[in-house]
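Per-entry structural report
Given next are the chains, with one letter for each unit.
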Amino acid sequence: MSAHRDTDPRIHGIQSKIRVVPNFPKPGIMFQDITTLLLDPKAFKDTVDLFVERYKGKDISVVAGIEARGFIFGPPIALEIGAKFVPLRKPKKLPGKVISEEYVLEYGRDCLEMHVGAVEPGERALVVDDLIATGGTLCAAMKLLERVGADVVECACVIELPDLKGRERLNGKPLYVLVESH
């Protein structure tokens with residue numbers, strides 16, 4: 001599901017602030033740069049507000065943000081909806097005991113880690129990242145949360161690259177995005 005693309009004027013403002021950088025980080029990749037969105041306080045606030053409006057009152061107790069850009073959007077959403085923020089990090093970034101999940105992304109392989117005990121069985125979780133491409137990162141995040149007994153309610157991303165069909169890899173899990181980039 002996508003945001004009210006045709007009715008909410010905030011969507012156009014958000015989309016207009018996302019810069020596309022060709023051939024980064026390697027040839028053939030059209031990198032969706034959200035740093036230009038962050039430079040505009042109104043567009044940044046509108047982005048967070050659209051997610052908060054969707055998730056407030058949905059009994060979500062965990063907002064899990066994927067490193068690194070999920071760390072930008074996840075904490076303000078978590079604060080506004082009264083949930084805790086759980087960082088899902090790259091390997092060897094978290095001290096203490098962790099669980100990990102390897103995955104394949106559009107331009108390589110990676111791994112996500114989460115602190116053991118950060119999420120309790122039965123908690124309702126929202127996974128947040130800036131973008132869904134092939135869906136590998138979101139799948140790894142969901143697997144981590146589900147392995148500890150969390151109920152992943154939905155995944156939320158600012159941008160979707162629908163041509164890469166990442167949504168299809170989510171095994172029917174709801175995905176909410178604000179803008180699509182082709």
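Looking up the chain in an unreviewed UniProt entry gives the name adenine phosphoribosyltransferase, with the organism given as Durio zibethinus. According to the UniProt record, the Pathway (unreviewed entry) comment for the chain is "Purine metabolism; AMP biosynthesis via salvage pathway; AMP from adenine: step 1/1." Listed under Subcellular location (unreviewed entry) in UniProt, the entry text for the chain is "Cytoplasm".

Further remarks concern the packing of helix H1 (residues 9-16) against helix H3 (residues 41-55). Between two packed helices, the angle of one axis relative to the other and the distance separating the axes together describe the packing. Where H1 meets H3, the closest approach of the two axes is 9 Å, and the angle between their N-to-C directions is 130 degrees. As the angle between them shows, H1 and H3 are arranged oblique. The hand of the H1/H3 crossing is left-handed. Where H1 approaches H3, its residues Arg10, Ile11, Gly13 and Ile14 are matched on the opposing element by Ala43, Asp46, Thr47, Asp49, Leu50 and Glu53. Grouping the amino acids of the contact of H1 with H3 by side-chain chemistry returns four nonpolar, two polar and four charged.

What follows deals with the state of the cysteines. Evaluated as defined, the whole model comprises zero disulfides. With no disulfide of its own, Cys111 lies closest to Cys139 among cysteine sulfurs, the gap being 15 Å. When its relative accessible area of 11% is taken as the criterion, Cys111 is described as buried.

Next up on the list: the sheet that holds strand S7 (residues 124-132). With parallel pairing, five strands are arranged side by side in an open sheet as S4-S3-S7-S8-S9. Pairing within the sheet leaves two strands with one partner each, and these edge strands are strand S4 (84-88) and strand S9 (175-180). Taken pair by pair, the neighbouring strands of this sheet meet at an average axis angle of 20 degrees, ignoring direction. In this sheet, S7 lies alongside strand S3 (residues 62-66) in parallel orientation, the contact comprising four bridges. Paired with Ala64 across the bridge in S7 is Val127. Against the sheet, H3 contacts S7, strand S8 (151-160) and S9, and its axis sits at roughly 155 degrees relative to S8. Most of the contacts of helix H5 (residues 136-147) go to S7, to which it runs at about 165 degrees, and overall it touches S3, S4, S7, S8 and S9.

Calculation notes
Residues numbered from 1 in each chain as written. Predicted model: local features only at pLDDT ≥ 70, side-chain atom pairs only at ≥ 80, totals over all residues. Heavy atoms only, no water. UniProt positions renumbered as here; feature names shortened; annotations may be inferred. Axes fitted to C-alpha atoms, helices over the stretch in contact; angles between N-to-C directions. Helix = DSSP H or I, 4+ residues; strand = E, 2+ residues; numbered from the N terminus. Parallel < 35°, antiparallel > 145°, perpendicular 65-115°, else oblique. Left-handed = near helix turned anticlockwise from the far one by under 90°. Contact = heavy atoms within 4.5 Å. Nonpolar A, V, L, I, M, F, W, Y, C, P; charged D, E, K, R; others polar. Disulfide = S-S within 2.5 Å. Buried < 20%, exposed > 50% of the residue type's maximum accessible area, 1.4 Å probe, protein only. Pairing = 2+ DSSP bridges.

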